[in-house]
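# A look at the structure
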Amino acid sequence: MTASVLKSTADTKSPTAQKNHRRIVDLLTQLKNEEEQICVGGGPKAVDSQHKKGRLTGRERVKKLVDPGSQFFELGIYAAYEMYEEWGGAPGAGVITGLARICGRTVMLIVNDATVKAGAFFPMTAKKVIRAQNIAIENRIPSIYLVDSAGIFLPLQEDVFPDTDDFGRVFRNNAVMSAMGIPQIAAIMGMCVAGGAYLPVMCDHILMTEGSGLFLAGPALVQAAIGQKTSAEELGGAKMHSQISGTVDFREPDDESCITRIRSLVDKIGAPNAAPFSHTKSRDPLYPGEEIYSIFTADPGKQYDMRDIIARIVDASEFDEYRAENGETLLCGYARIGGWAVGIVANQKKHVQTFARGSDQKRIEFGGVIYTESAEKAARFILDCNQNRIPLIFLHDVNGFMVGKDAEWSGIIRAGAKMVNAVANSVVPKISVICGGSFGAGHYAMCGKAYDPRFMLAWPTARYAVMSGDAAATTLAEIKLKQLEREGKKVDEKQKKEVYESIRSIYEHQTDPRYAAARLWVDAIIDPAHTRDALIWALEAAALNPEIREFKTGVLQT
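All values derive from a computational prediction rather than experimental measurement. (Residues numbered from 1 in each chain as written. Predicted model: local features only at pLDDT ≥ 70, side-chain atom pairs only at ≥ 80, totals over all residues. Heavy atoms only, no water.)

Attention now moves to the overall build of the protein. Within the protein, the regular secondary structure consists of 20 helices and 20 strands. Here the C-alpha radius of gyration of the protein, 26 Å, is about what a compact globule of 558 residues would show, namely 24 Å. In terms of overall dimensions, the protein has C-alpha extents of about 85 × 75 × 50 Å along its principal axes. Residue burial in the protein is summarised as follows: out of 558 residues, 53% are buried. (Helix = DSSP H or I, 4+ residues; strand = E, 2+ residues; numbered from the N terminus. Rg over C-alpha atoms; globule rule 2.2 N^0.38 Å. Buried < 20%, exposed > 50% of the residue type's maximum accessible area, 1.4 Å probe, protein only.)

A few words now on the pattern of salt bridges. Summed over the entire model, instances satisfying the criterion amount to 25 salt bridges. With a closest N to O distance of 3.2 Å, Asp 166 and Lys 127 form a salt bridge. In this pair, Asp 166 sits in the loop between β4 (143-149) and α5 (167-179) while Lys 127 sits in helix α4 (residues 123-139), placing the two residues 39 residues apart along the sequence. The exposure class of Asp 166 is buried, given its relative accessible area of 4%. Accessibility expressed as a relative area gives 23% for Lys 127, which makes it partly exposed. The partner of Asp 305 in a salt bridge is Arg 307, and the shortest N-O contact between them spans 3.5 Å. Judged by its relative accessible area of 16%, Asp 305 is buried. (Salt bridge = Lys/Arg side-chain N within 4 Å of Asp/Glu carboxyl O.)

What follows deals with the packing of aromatic side chains. Applying the stated rule across the entire model yields 14 aromatic pairs. A ring pair is formed by Phe 73 and Trp 537, whose centres lie 6.0 Å apart and whose planes are at 20 degrees; its orientation type is stacked. With a gap of 464 residues between them, Phe 73 in strand β1 (residues 73-75) and Trp 537 in helix α20 (residues 531-542) connect regions that are remote in the sequence. Neither Phe 73 nor Trp 537 differs from the other in exposure class; each is buried. Aromatic pair Trp 87 and Phe 153: ring centres 5.4 Å apart, planes at 80 degrees, arrangement edge-to-face. Note that Trp 87 is positioned in the loop between β1 and β2 (95-102) and Phe 153 in the loop between β4 and α5, a separation of 66 residues in sequence. (Phe/Tyr/Trp six-rings, centres within 6.5 Å; stacked < 30°, edge-to-face > 60°.)

Turning to the nonpolar core, a few remarks are in order. Grouped together as the largest cluster of nonpolar side chains are 78 residues, with contacts concentrated most on Ile 310 and Ile 344. Setting aside residues up to four positions removed in sequence, Ile 310 forms contacts with Leu 6, Phe 319, Leu 331, Ile 344, Ala 346 and Leu 395. If you look at the next biggest cluster of nonpolar residues, it comprises 28 residues, including Ala 80, Phe 122, Ala 462 and Ile 525. (Core = buried A, V, L, I, M, F, W, Y, C linked by side-chain atoms within 4.5 Å. Contact = heavy atoms within 4.5 Å.)

Attention now goes to the state of the cysteines. The tally for this structure, following the rule as stated, stands at 0 disulfides. With no disulfide of its own, Cys 385 has Cys 332 as its nearest cysteine by sulfur position, at a separation of 8.2 Å. Accessibility expressed as a relative area gives 0% for Cys 385, which makes it buried. Free of any disulfide, Cys 435 has its nearest neighbouring cysteine sulfur in Cys 447, separated by 14 Å. (Disulfide = S-S within 2.5 Å.)

Checked against the element boundaries, Phe 167 lands in helix α5. You can call Phe 167 buried: its relative accessible area is 7%. The spacing of Phe 167 and Phe 122 is 45 residues in sequence and 9.3 Å in space, taken between C-alpha atoms. Non-local contacts of Phe 167, meaning those with residues more than four positions away in its chain, are made with Phe 121, Ala 126, Ile 152, Val 160, Phe 161, Gly 195 and Gly 196.

Let's shift gears to the pairing of strand β15 (residues 392-398). Counting buried residues along β15, 7 of its 7 residues qualify, which places the element largely inside the surrounding structure. Neither face of β15 is open: one carries Leu 392, Phe 394, His 396 and Val 398, the other Ile 393, Leu 395 and Asp 397, and all of them are buried. In the sheet, strand β11 (residues 340-347) pairs with β15 via 4 bridges, with the strands oriented parallel. Across the sheet, Gly 343 pairs through a bridge with Leu 392, a residue of β15. (Pairing = 2+ DSSP bridges.)

This part takes up the packing of helix α13 (residues 372-387) against helix α15 (residues 412-425). Contact geometry for α13 and α15: axes closest at 8 Å, N-to-C directions at 25 degrees. Between α13 and α15, the interaxial angle falls into the category roughly parallel. Crossing of α13 against α15: the hand is left-handed. Seen from α13, the contacting residues are Thr 372, Ala 375, Glu 376, Ala 378, Ala 379, Ile 382 and Leu 383; seen from α15, they are Ile 412, Arg 414, Ala 415, Gly 416, Lys 418, Met 419, Ala 422 and Val 423. (Axes fitted to C-alpha atoms, helices over the stretch in contact; angles between N-to-C directions. Parallel < 35°, antiparallel > 145°, perpendicular 65-115°, else oblique. Left-handed = near helix turned anticlockwise from the far one by under 90°.)

Now for α5. Burial in α5 covers these residues: Phe 167, Val 170, Phe 171, Asn 173, Asn 174 and Met 177. Down the axis of α5, the smallest arc covering the buried residues is 155 degrees, so these residues share one side. Phi turns positive one or two residues past the end of α5, at Gly 181, with a value near 80 degrees. (Arc of directions from axis to C-beta.)

Moving on, we get to unusual backbone geometry. A negative phi angle characterises most non-glycine residues, just as the trans form characterises most peptide bonds. In this structure, Ala 80 takes a positive phi of about 70 degrees despite not being glycine. Position of Ala 80 among the secondary structure elements: in the loop between β1 and β2. In this structure, Tyr 84 takes a positive phi of about 55 degrees despite not being glycine. Looking at the secondary structure, you find Tyr 84 in the loop between β1 and β2.

This part covers helix α1 (residues 15-39). One turn of the α-helix equals 3.6 residues, which is why residues spaced by three or four share an orientation. With 25 residues, α1 ought to run about 36 Å at 1.5 Å a step, and its terminal C-alpha atoms sit 36 Å apart, in line with that. Considered for burial, the residues of α1 that qualify are Ala 17, Asn 20, Ile 24, Leu 28, Leu 31, Glu 34 and Ile 38. Residues of α1 that are buried sit in contact with α11 (292-295), α19 (513-518) and β20 (524-525). Gly 41 sits one or two positions beyond α1 and adopts a positive phi of about 70 degrees. (Expected span 1.5 Å × (residues − 1).)

Burial of strand β18 (residues 455-458) is two-sided: the residues Phe 455 and Leu 457 facing one way and the residues Met 456 and Ala 458 facing the other way are all buried. Relative to β18, strand β17 (residues 430-439) runs parallel, the two sharing 4 bridges. Paired with Ser 432 across the bridge in β18 is Met 456. Handedness of the β-α-β unit built from β17, helix α16 (residues 440-445) and β18 comes out right-handed. Here 2 bridges tie β18 to β20, and the two strands are oriented parallel to one another. Note that in β20 the partner of Ala 458 across the bridge is Ile 525. (Right-handed = clockwise from strand over helix to strand, strands pointing away.)

At a minimum axis distance of 10 Å, the contact between helix α3 (residues 58-65) and helix α10 (residues 255-267) shows a crossing angle of 45 degrees. As summarised for this structure, α3 and α10 are arranged oblique, according to the angle between their axes. Handedness of the crossing formed by α3 with α10: right-handed. Judged by residue contacts, Arg 61, Lys 64 and Leu 65 of α3 engage Asp 255, Glu 256, Ile 259, Ile 262 and Arg 263 from α10. Broken down by class, the residue content of the contact of α3 with α10 amounts to 3 nonpolar, no polar and 5 charged. (Nonpolar A, V, L, I, M, F, W, Y, C, P; charged D, E, K, R; others polar.)

If you want it as structure tokens, here you go:
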């Protein structure tokens, strides 16, 4: 069997390549420094307080729980970034989530960080836990909760308590996951109070360490409500729940023994049903992933060949390109990543020379723009992947769909609708990586967050919004200036420039991937050189769900 091997001719030593390399390394250094700060949680004093209680911090628990030498693929580390500053901030939203390997099994970890406001739930805390649960539900991933939380952060209760993506949804998901047969293990390793007490009790296994507390109302609230005086240990300690209420399955003396017990329980979980996706032995790409730093450019005025990126992600750099000479601003093709068969849909950032639709007139198509032919090609390719049970990978660097009379006459809206329909109704796993820009309807067509990708990943160079910062700033500045003119105010060139720069600065900040990750529009900001590793994590997780529903698209605009 033969496959097309991508022959990369990218010059990774040129001055331009070196400039690209430095820019990405600088961004990664900045991200690493910020992530290290986030990992400190509530700070040294809060860590010391946790240790004085005889408890490990959330991150210390994760480190001891995962298989030695294995990686923890953290999700949502930037959740609540630059948010809740009036309350002292909430690094990581006070909870740690991600994929890990325990006894060789892939599991989802959801771990309260009690160094951050005693593990209290901010609005983004609930959303982060729910996002982790939704990933577990979609991919049938066994889930482990390490509970150490004071419950809802009361000053913000109206944004935590009532809605469909708030605190109560966590327990609803516990019940749904249990009904679906997704294993759940909960360990109470600190406080677990009020409504939060339902989380562990709705899981398959409940562990509890000495000195922890599990109750609907603490001693002070009980005395205020019914006048009864009792100690925390008598009211809801580990011994009481183990010997009297019978709520706890395993009572453990400390964190270390609790973690040992969790690993023992995970070791005995039965194997999942076989995945329906093709899988063979993994083979390394022919080119190092670090060369992506030199090849990729986020400069909208510069070009690069997306095939050079793909060659550094896929197994053996083999890529069977689909309709390679048609609709060339979108690359479609079959490959393997970590041995898993995948279909790749990727924006091509090189300008291409082709013929106008239905004519022998030559024209230039701009890289990163989706034209009628490329949308139709991608729609057909996505249908093929669903027909053949092949997971889909989307690599975003898209400016949007082509506009103008020629585009409209060619049926760009109809072709775009066809592509969006195919993406929306896909039943195979979809994984999106935002490499550069991801703007407007192009973001939707390339499986944006609203189109249910199993995982939404981004490079530090990612930007996404309804339009680019420059375009948005120009439009919004014109509106602002006309408003000022209607009010009779004279605006000189200096003021015009200040208005433009002010708007542009705000808009650019909102298109930053950290802004998106803070709100969980992105699951993780990843190192471009580690894109392959991240996709293997995602594909292995997706393979845990053997069920693929019937594929239907409804009415397609042909």
